[in-house]
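Here is how the chains run, residue by residue.
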Amino acid sequence: MSWISTYSPQKTSDVLHPERDKIRQFIVGYSSQKKKAMLLYGPPGGGKSTSVYAIGKELRLEIIETNASEFRNKEQVSLKVG
């Protein structure tokens, strides 16, 4: 097992990202949200992906990670995400 897997946060309280509570609230209340997307941005190593993975693991959600450079149109996104 890699060092990253061994020591990655396992629950929301382990994450130090300043917006972690906002991210978690958005995910938990997704069905009642007017806007159906959240854009996380910032410099590398800021905890964006780590926050999402820890919250997803805690809530037992499936994470599908995509990169904007992988897709160029709606059809390609639909094939991957559904």
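The structure contained in this document is the topic of the report that follows. (Residues numbered from 1 in each chain as written. Predicted model: local features only at pLDDT ≥ 70, side-chain atom pairs only at ≥ 80, totals over all residues. Heavy atoms only, no water.)

1. Observations regarding the packing of aromatic side chains
- Applying the stated criterion across every chain, the model contains two aromatic pairs.
- Relative to Tyr7, the ring of Trp3 lies with its centre 5.4 Å away and its plane at 45°, an arrangement referred to as tilted. With a gap of four residues between them, Trp3 and Tyr7 both fall in helix 1 (residues 3-7), about one helical turn apart. The two residues Trp3 and Tyr7 agree in class, both being exposed. (Phe/Tyr/Trp six-rings, centres within 6.5 Å; stacked < 30°, edge-to-face > 60°. Helix = DSSP H or I, 4+ residues; strand = E, 2+ residues; numbered from the N terminus. Buried < 20%, exposed > 50% of the residue type's maximum accessible area, 1.4 Å probe, protein only.)

2. A look at helix 3 (residues 48-58)
- All of the buried residues in helix 3 are Ser51, Ala54, Ile55 and Gly56.
- As for helix 3, its buried residues are in contact with helix 2 (20-28). (Contact = heavy atoms within 4.5 Å.)

3. Side note on the pattern of salt bridges
- Taken as a whole and assessed by the stated rule, the structure comprises three salt bridges.
- With a shortest N-O distance of 2.9 Å, Arg24 and Glu58 are connected by a salt bridge. Of the two residues, Arg24 is situated in helix 2 and Glu58 in helix 3; the sequence distance between them amounts to 34 residues.
- For Arg24, a relative accessible area of 25% translates into the label partly exposed. (Salt bridge = Lys/Arg side-chain N within 4 Å of Asp/Glu carboxyl O.)

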